[in-house]
Every structure is written in structure tokens, then in C-alpha cells.
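Residue-level structural notes
As a plain string of letters, each chain reads:
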Amino acid sequence: MTVKTITAALLMVSASAAANADSRIATFDLGSLDTLDALGLSEQVVGVPKASLPRYLEQYAADTYSDIGGLRSPDMAALADANPTLIVHTGRQADWEAELGEIAPLLNTSLTGDDYLAAFDANVHELAGQLGAESNAEAALAALHTEIEQQREALREAPTTLVVTHNGGNLMLNQHPVVHQVLGITALEMPESVTPEVRGERTFTPLSAEEIAEINPEVVLVIDRSAAIGDEPADADQLRDTLADAGTNPQVVMLTPALWYLSGGGLQSLALQMDEVTSALATQP
């Protein structure tokens, strides 16, 4: 079973959608837009942040949908003009939550807690429940969970894998839950030389080429935040050379930036992320 099979199953589900036709959804969460699209609920979508749309959701750039601003710069006037009955948001819009709530009821779909898959399932159920599409969600999740089990089995002998985020020429450790929790790839132990840094309320773990050499993964998966937000992307060849100079030669795999940084947490994006990781690791010698 592949991601194409999941997509076909989701399309079969969406064909029988029986949503609340009065619902008008404005969503800053691209993962939720992804899920609404997968469940055949696009007619209930009235507003999206168009500048941030990944390629597989580019149909929502059409004039049919209002542009409600950026992920960190909501356009309140456009949002109000869209007249939503529900605004879906995440922590990225936390600074505007009170103002958003004056326009319409809110649904926070941030994936929180230690169990990513449980939080993911709960989000899909909650979003579908808002629109009367619970049975659609059950069928879609069943198809997805079947694929998860099959891909976990296929990755039982996966090479040692390190996930990093590239941002402005720097690399940081990314213990990504799709890789480590959903697909079951073992997270590598960090040497004593690797120390986290606290910046405000967030903790980051920078990684130098020498520290990656000490970790010595067989594969490095790169999530390019810079590329996802329109900044200078990582140079994969330069990264390989830098790692080689530090004494290690892992396979460097550049993951699709917008998929991993902007639109995760949706029925389609999770399937696409799993397929991308499995394809990358399955090709290793």
C-alpha cells in the first residue's frame, strides 16, 4: 500500500461527504486545510493564507477563497470580510488570538503533547465533528493507520537517521515526530558535546558539522526552513562537502520544505511525509 492508495481511499471517502453546508471555515493551519481538502470539504473553506500554500494545495489560491494574510501576519479586515463561522489556527497566531476571537469562534489545532499520533487523530476527529463529517474521518484515519503499520514494518531495518532543520546557514537537531514516533525510526543519542540552547520559551539544539560527525548517522534528513519561507535555501552539495571535511559521509536527503515546515499535521501531508521518508531510507544500500 502506497501514498497513492491512501489518496484514493481519501477520495472515496470525500465523495460521500455530508458536511454542514452552513459552515464557513477560515484556516491559518495548512494541515487543517489539507484535512478539509482530503475529506471533500473544500466548499466550506472561505479563507486561507495564500502566500504560504504548498504546491499540493495551490488550488486554494483561486479567487474563490479570501486571502487572510500571512501565518504570522493575519489580515483582520480580509478575515472579517470572509464572514467565517469558524477560524482554525495554531500557536503561530497566538499573539492575535483575542482579536481573531472577536470575528468568529476559534479552533486551535496545534499538535501538542507527547503522543503525536493521538493528537493528530484527535484533531482530525474534532475538525470533522465541527462539520458533521465524522464517518468520513473514521474511514480516512483507518486507511492512514493501515499505511502507518505497513511502513513501520518496511523500516524495521532502516539505516541510522538524523533529522536536522536548516535555518539561515545553521543546522539544528529536529526530533521530528513523524520520523521517530509515527514511523518508529530510532532517535540517535546525542554526544556530550551537543548542548541545547534556550531562547525565550523555546529550546534549540544547534549542530555543527563536527558534532554530526561525532553522531555519525548513515542518513541525514534535512528540513529546510529557509527554503520554506522564501529565504536562501540550503546547498545540499555544500553540506555534503562540509560533512566530509568533518570526517563523515552520510547520505544527505533534502525533504520537501513546505510540506515539512508549513503544512504538516494533515491527512494528506502525513501520508506524503511518510512516503518521502520511506522512499529515502528504502533506497539506501
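Described in the following lines is the structure provided in the data block. (Residues numbered from 1 in each chain as written. Predicted model: local features only at pLDDT ≥ 70, side-chain atom pairs only at ≥ 80, totals over all residues. Heavy atoms only, no water.)

1. Some points on the side chain of Thr35
Rules: Strands are runs of DSSP state E lasting at least 2 residues, helices are runs of H or I lasting at least 4, and numbering of each runs from the N terminus. Accessibility here uses a 1.4 Å probe with only protein chains present; expressed as a share of the type maximum, an area under 20% marks a residue as buried, one over 50% as exposed, and anything in between as partly exposed. Counting of polar contacts relies on pairs of N or O atoms within 3.5 Å, with two restrictions inside protein: one atom must be capable of donating a hydrogen and the other of accepting it, and residues adjacent in sequence are counted only when both atoms are side-chain atoms. Here a residue-residue contact requires only that any non-hydrogen atoms of the pair lie within 4.5 Å.
Within the secondary structure layout, Thr35 lies in helix α2 (residues 30–38). Classification of Thr35 by relative accessible area gives buried; the value is 2%. In terms of polar contacts, Thr35 uses its side chain to reach the backbone amide nitrogen of Leu267, at 3.2 Å. In this structure, Thr35 is in contact with Val124, Leu127, Gly265, Gly266 and Leu267, ignoring residues within four places of it in sequence.

2. Some details on the sheet that holds strand β8 (residues 161–167)
As a reminder, the rule being used: Here the rule is simple: two strands pair whenever DSSP picks up at least two bridges between them. Where helices are involved, their axes are fitted lines through C-alpha atoms of the stretch in contact, as for all axes, and angles between N-to-C directions lie from 0 to 180°.
Taken in spatial order, the four strands make up an open sheet running β9-β8-β12-β13, and their pairing is mixed. Both outer strands of the open sheet, β9 (170–173) and β13 (251–254), are each paired with one neighbouring strand and no more. For this sheet, the mean angle separating the axes of adjacent strands, direction not counted, is 30°. Judged from the four bridges that link them, β8 and β9 form a sheet pairing that is antiparallel. Along β9, the bridge assignment pairs His166 with Leu171. Helix-sheet contacts for helix α10 (residues 236–246) involve β9, β12 (219–224) and β13, and the interaxial angle to β13 is about 155°.

3. A short note on empty space enclosed by the protein
Basically, it comes down to this: In this analysis a 1.4 Å probe is tested at points of a 1 Å grid over the protein atoms alone, and where it fits but cannot get out there is a cavity; an open set with protein on both sides within 12 Å along at least five of seven lines is a pocket; lining residues have an atom within 4 Å of a point. Grid points are joined across faces, edges and corners, and a volume is the space filled by probe spheres set on the points. Any residue outside Ala, Val, Leu, Ile, Met, Phe, Trp, Tyr, Cys, Pro, Asp, Glu, Lys and Arg is labelled polar, Gly included; the first ten of those are nonpolar and the last four are charged.
This structure, assessed with the given rule, holds one cavity of 30 Å³ or more. Taken as a whole, the largest cavity holds about 40 Å³ of empty space. Mapped by element, the contributors of at least two residues to the lining of the largest cavity are α2 and α5 (116–130). Here the residues of the lining of the largest cavity sort into two nonpolar, five polar and no charged.

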